[in-house]
Amino acid sequence: MTQELPKAGAVEPYPEPDADAVRDLLLDWCGAEPEDAEDAAAGLAALDGEARELADRCYQSIAADMGGKKWLAWPKPPEAHPLLGLYPLLAAVPGMIRFHRERGVDEDLSRRLLTDVGEKLRLNRRLHGRAGLDVANWFTGHVRGALYQLGRLQFCVEGPEPKPFVGVHIRGEGGPLTLDAVRDSVEWALEFFPTVFPERYDGPDDLVFMCESWLLDPQLRDWLPERSNIPGFGALFDLEGPGDPAGNRSDLWRFVFNRTEDTPVEELPRDNTLQRSVLAGIEAGVPWRNRSGRLNLARLGL
Ligand SMILES: CC(C)(COP(=O)(O)OP(=O)(O)OC[C@H]1O[C@@H](n2cnc3c(N)ncnc32)[C@H](O)[C@@H]1OP(=O)(O)O)[C@@H](O)C(=O)NCCC(=O)NCCS
């Protein structure tokens, strides 16, 4: 996968952030914890020549595809540098802000978007017990201008041309996934995307929202209590396809239990209703699956 990245410096010089810039961006823009900001500043100094070159090449892949769709494939960070992907992302923030400004996106939204970085640093610390950004490439959607957070939900321009569908994504932080919060977000997106991308969408009727997630598994209805928001969210989608028969261990372990995939079932936490419900299903042999679906706007009254 490394071979697919452009060569160092191929598109524009890599403006590698210095330690102060890393710390400041993480604290002021990304809502990161001070310990993650400090470790990231220290991690920069620890990069060797090879790691620096890889960071440069990751940056070039962003610079080469500003305004592109979805997120980019990046190689996994080397063991010794779990934060490697963070530096090219931070270097790309000024370009992202320029892109947003040219398209009339408020700075408030640019800031809101970047708080996802702080969240994923927190998640990495819970998962691995140290600072890291294991899915740094996820943020190439953010900094290339494909992905936006509008209220509770994130939306990303993803599908094939000429009118790419908009992918719906759900952060962990941001409160319960109530139908009102979902409706507000989708209403916003219906107005936002045709305004920001008029060359793609003539109006709200051009928008199709798709989601792929463990949250859409209809089997959850049988295991979660009535008051749970998750089945109500799943029921908003017209499901497509059977889902991966291999199941969704990595997503459930990550998002529900905040544990790495190699954690044995007996060691998973049972701290709340969701964890206890999913575990009861696992113990009963339920084949949990990620499912994909198309948002049915009528079910939101839109
Ligand atoms: C999506 C999400 C915000 C829904 O939260 P919600 O609206 O509170 O969901 P529910 O009402 O169905 O929650 C029911 C119960 O499960 C708990 N719960 C919900 N999501 C949880 C999660 N990810 N991890 C642990 N517990 C969770 C709630 O605290 C509640 O427990 P309680 O009744 O004991 O207090 C939440 O699941 C979440 O943060 N997920 C992580 C991000 C994610 O999975 N994104 C999709 C990636 S594909």
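The shown structure was predicted, so the numbers you read here are calculated from the model rather than taken from an experiment. (Residues numbered from 1 in each chain as written. Predicted model: local features only at pLDDT ≥ 70, side-chain atom pairs only at ≥ 80, totals over all residues.)

1. Looking at the overall build of the protein chain
The secondary structure content of the protein chain amounts to 10 helices and 6 strands. Principal-axis analysis of the C-alpha atoms gives the protein chain an extent of 55 × 50 × 35 Å. Within the protein chain, the proportion of its 302 residues that are buried is 38%. Pairs at least 24 residues apart make up 70% of the contacts formed inside the protein chain by residues separated by at least 6 positions. (Helix = DSSP H or I, 4+ residues; strand = E, 2+ residues; numbered from the N terminus. Buried ≥ 20, exposed ≤ 12 C-beta atoms within 10 Å, placed from the backbone. Contact = placed C-beta atoms within 7 Å.)

2. Describing the packing of helix H1 (residues 19–29) against helix H2 (residues 34–45)
Contact geometry of H1 with H2 gives a least axis separation of 9 Å together with a crossing angle of 155°. Here H1 lies roughly antiparallel to H2, going by the angle between them. Handedness of the H1/H2 crossing: right-handed. Listed contacts from H2 to Ala 19, Val 22, Arg 23, Leu 26 and Leu 27 of H1 are Pro 34, Asp 36, Ala 37, Ala 40, Ala 41, Leu 44 and Ala 45. Of the residues belonging to the contact of H1 with H2, the class tally is 10 nonpolar, no polar and 2 charged. (Axes fitted to C-alpha atoms, helices over the stretch in contact; angles between N-to-C directions. Parallel < 35°, antiparallel > 145°, perpendicular 65-115°, else oblique. Left-handed = near helix turned anticlockwise from the far one by under 90°. Nonpolar A, V, L, I, M, F, W, Y, C, P; charged D, E, K, R; others polar.)

3. Thoughts on the domain arrangement of the protein chain
How large an interface is tends to be reported as the accessible area lost when its parts come together. Under the domain assignment, the protein chain is made up of domain 1 (1–145) and domain 2 (212–300). The straight-line distance from the C-alpha centre of domain 1 to that of domain 2 is 29 Å. (Domains from an automatic or database assignment.)

4. Regarding the site of the ligand
Neighbouring the ligand are 18 residues; Pro 176, Ser 228, Asn 229, Phe 255 and Leu 274 lie closest to it. Contributing elements (two or more residues each) for the shell around the ligand: helix H9 (249–256) and helix H10 (273–283). Split into classes, the residues belonging to the shell around the ligand amount to 10 nonpolar, 7 polar and 1 charged. (Near = placed C-beta within 6 Å.)

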